[in-house]
Structures are given as structure tokens and as C-alpha cells.
Amino acid sequence: MRIAQIVNDNELFKKLNNNVWEFRTPHNKTKYRLFAFWDKTDKTETVVISTHGIEKKTAKTPKNEIEKTERIMKQYFEAKK
């Protein structure tokens, strides 16, 4: 994740739709995916919220994982009000 702070690399941090991002990292020959969204409500700081992760075995991101991130994001912003 520290590398993603410094370098804009689509192999590390990829936008999946308007709200959901995927942080991709290999570890011990296994590919892990962390799903995240951005909270830009503060005008001076942006926070990246990671919702959950999976061990990814296929090239395509499962739709239900994106939907799960969107549900968690909605709950997050509703609780923040």
C-alpha cells in the first residue's frame, strides 16, 4: 500500500467503477484483492476506506464483491451523517 501512495500504478490500485477501487497484491504466489472506496468529504484530506479482501483466482472481479463494497460504502456514509 505504501507503494501506491508514491506511484500511480494500475497494476497495484485499479478503479473498478465510479466508486470502487481494487488494491492488488501478490503474496507467496497467491493474489489478494482489497476493495476500497474514497471519502473526500473533508476538503483538506482524503481517506481511503478498505472494506474487505479476497483471494482472487480469476482475471475477472466477481460482481458480488463490488456490490458488497458499495453496500458497505453506503452504510459508512449514512452512519457519518
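As shown above, the structure is provided for reference.
Model, not experiment: these values are computed from the prediction.

About the thresholds
Residues numbered from 1 in each chain as written. Predicted model: local features only at pLDDT ≥ 70, side-chain atom pairs only at ≥ 80, totals over all residues. Heavy atoms only, no water. Helix = DSSP H or I, 4+ residues; strand = E, 2+ residues; numbered from the N terminus. Buried < 20%, exposed > 50% of the residue type's maximum accessible area, 1.4 Å probe, protein only. Contact = heavy atoms within 4.5 Å. Areas by Shrake-Rupley, 256 points an atom, 1.4 Å probe, with all protein chains shown as cover. Pairing = 2+ DSSP bridges. Axes fitted to C-alpha atoms, helices over the stretch in contact; angles between N-to-C directions. Expected span 1.5 Å × (residues − 1).

Right, let's talk about the overall build of the chain for a bit. In terms of regular secondary structure, the chain is built from two helices and four strands. Across the 81 residues that make up the chain, the buried fraction comes to 28%. Sequence separation of 24 or more characterises 29% of the internal contacts of the chain that already satisfy a separation of 6 or more. Roughly 6,400 Å² of accessible area belongs to the chain as shown, and the carbon and sulfur atoms make up 51% of that amount.

Moving on, we come to the sheet that holds strand 1 (residues 13-15). Taken in spatial order, the four strands make up an open sheet running 1-2-3-4, and their pairing is antiparallel. Because the sheet does not close on itself, it has two edges, and the strands there are strand 1 and strand 4 (47-55). Within this sheet the neighbouring strands show an average axis-to-axis angle of 30°, counted without direction. Taken together, the seven bridges between strand 2 (residues 21-27) and strand 3 (residues 30-39) define a ladder with antiparallel strand orientation. Following the sheet pairing, glutamate 22 is matched in strand 3 by phenylalanine 35. On the sheet, helix 2 (residues 63-80) packs against strand 3 and strand 4 and is oriented at approximately 35° with respect to strand 3.

Helix length check: helix 2 (18 residues) gives 26 Å between terminal C-alpha atoms against 26 Å at 1.5 Å per residue, within 8%. Against strand 3 and strand 4 lie the buried residues of helix 2.

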